[in-house]
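Each chain, letter by letter, is given below.
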Amino acid sequence: GGLDVSMDKYRFYGSVRPETVRDLSGVVGVVEASSGVESPLSYQAGLQYRTLSIKDSAAETTENQVRFSAAVQVPLRDIPLRARFEARLGTVTALSARNISLIEIALESSRYFLDHFFASASIHGYTAKGMEGQSIGRLYPQVSLGYQIAAHHTAVMSYQPRVEYSSLREQVDLNPYLS
């Protein structure tokens, strides 16, 4: 777990309005738990809270996000299966509050080896809601095939479609001048 507090202030140099000053402040709090290495049942769980406040002469925007994840691994014959759940729920407030969410449920196999070849497969279900009320539901298989060339070299080919959650914080990290 942990707690991180950040604050930043900068000008929009090189833009049409270089006099614009932006203040960014944020808090990230994380709590996690997992089973020990020798535990007969392998589990992980985590809870994360993130907030971001953006203030400049053009606008004021706040994002709050909660992320919950849990996973458990159980053996089924010779192949350990992992069940995983993740929910990301967020609110972005500018002139009005807008909600966004992504929920993922997955059933994943560990790598199954046959000599130097290996394979793994999983099925992922997604449901998401956008800021304008859009909603989707998807069910995607994911597959990885590989060959261990040497002790430290492996060739892997994967098909891994997914629905991505895009937060304001992630977008501002990529482009700090985003308005």
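Everything below is about the structure shown above.
Residues numbered from 1 in each chain as written. Predicted model: local features only at pLDDT ≥ 70, side-chain atom pairs only at ≥ 80, totals over all residues. Heavy atoms only, no water.

### Section: the packing of aromatic side chains
Applicable threshold: The rule is short: rings of Phe, Tyr and Trp, with Trp giving its six-membered ring, pair when the centres are within 6.5 Å, and they are stacked under 30 degrees, edge-to-face over 60, tilted in between. Secondary structure counts use DSSP, requiring at least four H or I residues in a row for a helix and at least two E residues in a row for a strand, with both numbered from the N terminus. In this scheme, a residue with accessible area under 20% of its type's maximum is buried, one over 50% is exposed, and one in between is partly exposed, where area comes from a 1.4 Å probe on protein chains only.
Evaluation of the coordinates by the stated rule reveals 4 aromatic pairs. Between the aromatic rings of F68 and F85, the centroid separation amounts to 6.2 Å while the plane-to-plane angle is 55 degrees, which identifies the pairing as tilted. Taken as a pair, F68 in strand β4 (residues 60-76) and F85 in strand β5 (residues 79-93) lie far apart in primary sequence, 17 residues in all. With a relative accessible area of 36%, F68 lands in the partly exposed category. Where F117 meets Y147, the ring centres are 4.8 Å apart and the plane angle is 55 degrees; that geometry is what we call tilted. On the criterion of sequence distance, the pair formed by F117 in strand β8 (residues 117-129) and Y147 in strand β9 (residues 135-150) is long-range, its members being 30 residues apart.

### Focus on the nonpolar core
This is how it is decided: Take the buried residues of types Ala, Val, Leu, Ile, Met, Phe, Trp, Tyr and Cys, join any two whose side-chain atoms come within 4.5 Å, and each joined set is a nonpolar core.
Membership of the largest hydrophobic core is limited to 8 residues, which are Y10, F12, L24, L52, I54, V92, L168 and V172. Counting 6 residues, the second-largest nonpolar core is a separate cluster that includes I100, L102, V163 and Y165.

### Remarks on the environment of E63
To keep things clear, this is the line we draw: Here, residues are in contact when the closest pair of their heavy atoms is within 4.5 Å. Two N or O atoms count as a polar contact when they lie within 3.5 Å, although within protein this holds only if one can serve as hydrogen donor and the other as acceptor, and sequence-adjacent residues are included solely when both atoms are side-chain atoms.
By the secondary structure assignment, E63 is in strand β4. Note on E63: relative accessible area 3%, which makes it buried. Distance in space between the C-alpha atoms of E63 and R169 is 7.6 Å, their sequence separation being 106 residues. Residues within four places of E63 in sequence aside, it is in contact with R50, T51, L52, T91, V92, S167, L168 and R169. A polar side-chain atom of E63 sits 2.8 Å from the main-chain amide nitrogen of L168. A distance of 3.0 Å separates a polar atom in the side chain of E63 from the backbone nitrogen of R169.

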